[in-house]
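The primary structure of each chain is shown beneath.
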Amino acid sequence: MDVGAFPARRPFFDQENHMFKIIDKNLEEVLLVLLLTLMSVLIGVQIVMRYVVGESLTWSEELARYCFIWATYIGVSYAVKVGAHIRVDAVTDMLPVSTRRYVNLFSYFMFIVFAALVMKEGYALTAKIFSFGQESSSLGLPMGYVYMAPTVGFGLVVFRILQKMVEEVKMIRKGEPT
């Protein structure tokens, strides 16, 4: 058997690993689709139960609310990834093209500072909630999992902003305009 006929195996943590590319490309989208689908199904079932069956589920609205909270914070990361956050670029448009990338890097850095602050405070609050042992009223779910959403969401934001910063630095080195 000719060993040369088989392609060389890539190391698991290779940057070009297909699995990591798929996760990097689709993580927020998959999570958002799952959360919003679950939320929609829960609300639909609640409507049917309330108006058709005449009974109400005690836990569905609570779980839908928690899905919405998580979707909101995951959505912040998705908006960073696709560049959908609101930006005032009237001033930067007047700057020379070579300067715009540096201003973008500065704005990314400031966003990371804000995200780190949210993560720090979110972690502190989550730790307190877990230590209190607080549970949700209907599901009995530890509320720390709900309060963990800002920390996780803004952790993803930091990751996505760092990716944007790397792209900006590459463009600066290549000398490409914005």
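Going by the structure above, here's the rest.
These remarks concern the structure in this document. Keep in mind the model is a prediction, meaning the values are calculated, not measured. (Residues numbered from 1 in each chain as written. Predicted model: local features only at pLDDT ≥ 70, side-chain atom pairs only at ≥ 80, totals over all residues. Heavy atoms only, no water.)

**Quick notes on helix H5 (residues 149-174)**
Item 1. Compared with an ideal rise of 1.5 Å per residue, which puts 26 residues at 38 Å, H5 spans 38 Å between its outermost C-alpha atoms and is within 8% of the ideal.
Item 2. Following H5 by one or two positions, Gly175 has its phi on the positive side, about 80°. (Helix = DSSP H or I, 4+ residues; strand = E, 2+ residues; numbered from the N terminus. Expected span 1.5 Å × (residues − 1).)

**Remarks on the nonpolar core**
Soluble globular proteins: nonpolar side chains tend toward being buried together.
Item 1. Within the largest apolar cluster, 11 residues are counted, these being Val76, Val80, Leu105, Tyr108, Ile112, Ala115, Phe154, Val157, Val158, Ile161 and Met165.
Item 2. Only helix H2 (60-82), helix H3 (97-132) and H5 provide two or more residues apiece to this core.
Item 3. The element best represented in this core is H5, accounting for five residues.
Item 4. Other than its neighbours up to four places away in sequence, Val76 contacts His85, Phe154 and Val157. (Core = buried A, V, L, I, M, F, W, Y, C linked by side-chain atoms within 4.5 Å. Buried < 20%, exposed > 50% of the residue type's maximum accessible area, 1.4 Å probe, protein only. Contact = heavy atoms within 4.5 Å.)

**Remarks on a nonpolar patch on the surface**
Item 1. Among the surface-exposed residues, Ile43, Ile47, Val48, Tyr51, Val52 and Val53 lie close enough to one another that they form a single nonpolar patch of about 630 Å² accessible area.
Item 2. Summarising the element assignment, Tyr51 is placed in helix H1 (residues 18-53).
Item 3. Taking the relative accessible area as the measure of exposure, Tyr51 reaches 66% and is therefore exposed. (Patch = residues over 30% accessible without salt bridge, like charges linked within 9 Å, V, L, I, M, F, W, Y side chains within 5 Å. Areas by Shrake-Rupley, 256 points an atom, 1.4 Å probe, with all protein chains shown as cover. Salt bridge = Lys/Arg side-chain N within 4 Å of Asp/Glu carboxyl O.)

**Brief notes about the packing of H3 against H5**
Each pair of packed helices gets described by two things: the angle between the helix axes and the distance between those axes.
Item 1. Closest axis-to-axis distance for the H3/H5 pair is 9 Å, and the angle between their directions is 165°. On the basis of the axis angle, H3 is roughly antiparallel to H5. Along this stretch, H3 crosses H5, giving a crossing that reads as left-handed. (Axes fitted to C-alpha atoms, helices over the stretch in contact; angles between N-to-C directions. Parallel < 35°, antiparallel > 145°, perpendicular 65-115°, else oblique. Left-handed = near helix turned anticlockwise from the far one by under 90°.)

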